[in-house]
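Listed below are the residues making up each chain.
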Amino acid sequence: MRFLAVLALTTAPAFADIEAARDLMESNQFEEAYDALWPAARSGNADAEELIGVMYALGLGVEKDPVRAFEWYLRSAMKGHPGAQSGVGWYYEEGIGMPAPDLTRAYMWYVLSAIGGDPDAAISQEEVVRKMTQEEIDHAHELVNDYKVWMYPFR
């Protein structure tokens, strides 16, 4: 029980900082939001990483940089953040910062995002599957099964 109390005390400030950063973003104080998010993102907080990704993707308080945005989204996505997973899927679908689009991986990330609860992921999944061959779809499902067992072991 003592462990849970310590855990709550150590995670509560990081959560509060994320909420404060979101408030700053909503009031268009992007540089301040970035400064507030940076320590949590560097420490591996998936919410902070995803928001840093958004900032680089849209050029909010930082220079727009799709490659850095993808890297921040990917860090967060690998921790199971559904919004970041959809972002990674979109980058693969569009081929941004890559030699070419990768519909198999786009579909995989959209499926994982839908499993994680992103309400828009199913729509993205339906759109990308229309562009895919059956072989690509089958391969994507193999990848989903590989990732799902450790990312979402109880779903």
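To be clear, the structure that these remarks concern was listed above.
Residues numbered from 1 in each chain as written. Predicted model: local features only at pLDDT ≥ 70, side-chain atom pairs only at ≥ 80, totals over all residues. Heavy atoms only, no water.

A. Quick peek at the overall build of the protein chain. A count of helices and strands for the protein chain gives eight helices and zero strands. Taken from N to C terminus, the helices and strands of the protein chain fall in the order α-α-α-α-α-α-α-α. In the protein chain, buried positions account for 41% of the 155 residues. When contacts within the protein chain are restricted to residue pairs at least 6 apart in sequence, long-range pairs at least 24 apart make up 50% of them. Looking at the protein chain as shown, the accessible area adds up to about 8,800 Å², and 55% of this sits on carbon and sulfur atoms. (Helix = DSSP H or I, 4+ residues; strand = E, 2+ residues; numbered from the N terminus. Buried < 20%, exposed > 50% of the residue type's maximum accessible area, 1.4 Å probe, protein only. Contact = heavy atoms within 4.5 Å. Areas by Shrake-Rupley, 256 points an atom, 1.4 Å probe, with all protein chains shown as cover.)

B. Representation of the environment of Asn28 within the structure. Tracing the backbone shows Asn28 in the loop between helix H1 (2-26) and helix H2 (30-42). Taking the C-alpha atoms as reference points, Asn28 and Gly61, 33 residues apart in sequence, are found 8.8 Å from one another.

C. Looking closely at the nonpolar core. If you look at the biggest cluster of nonpolar residues, it comprises 44 residues, and the most contacted ones within it are Met25, Leu37, Met55, Tyr73 and Trp109. By residue number, the principal contributor to this core is helix H6 (residues 103-116), which donates eight residues. Residues within four places of Trp109 in sequence aside, it is in contact with Leu74, Ala77, Met78, Gln85, Val88, Gly89, Tyr92, Tyr147 and Met151. (Core = buried A, V, L, I, M, F, W, Y, C linked by side-chain atoms within 4.5 Å.)

D. Examining the pattern of salt bridges more closely. All chains considered together, the criterion is met by four salt bridges. Between Arg22 and Glu19 there is a salt bridge; the shortest N-O distance is 3.7 Å. Taken together, the residues Arg22 and Glu19, both in helix H1 and three residues apart, mark about one turn of the helix. Take Arg22: its relative accessible area is 29%, and that puts it in the partly exposed class. The closest approach of N and O atoms between Arg105 and Asp102, which form a salt bridge, is 3.2 Å. (Salt bridge = Lys/Arg side-chain N within 4 Å of Asp/Glu carboxyl O.)

E. Examining the packing of helix H3 (residues 46-58) against helix H4 (residues 66-77) more closely. The contact between H3 and H4 brings their axes to 8 Å, and the two run at 160°. With respect to their mutual orientation, H3 and H4 come out roughly antiparallel. Seen along the crossing, H3 lies across H4 with a hand that is left-handed. Contact residues: Ala46, Glu49, Glu50, Ile52, Gly53, Val54, Tyr56 and Ala57 in H3; Arg68, Ala69, Trp72, Tyr73, Arg75 and Ser76 in H4. Looking at the contact of H3 with H4 residue by residue, the classes come out as eight nonpolar, two polar and four charged. (Axes fitted to C-alpha atoms, helices over the stretch in contact; angles between N-to-C directions. Parallel < 35°, antiparallel > 145°, perpendicular 65-115°, else oblique. Left-handed = near helix turned anticlockwise from the far one by under 90°. Nonpolar A, V, L, I, M, F, W, Y, C, P; charged D, E, K, R; others polar.)

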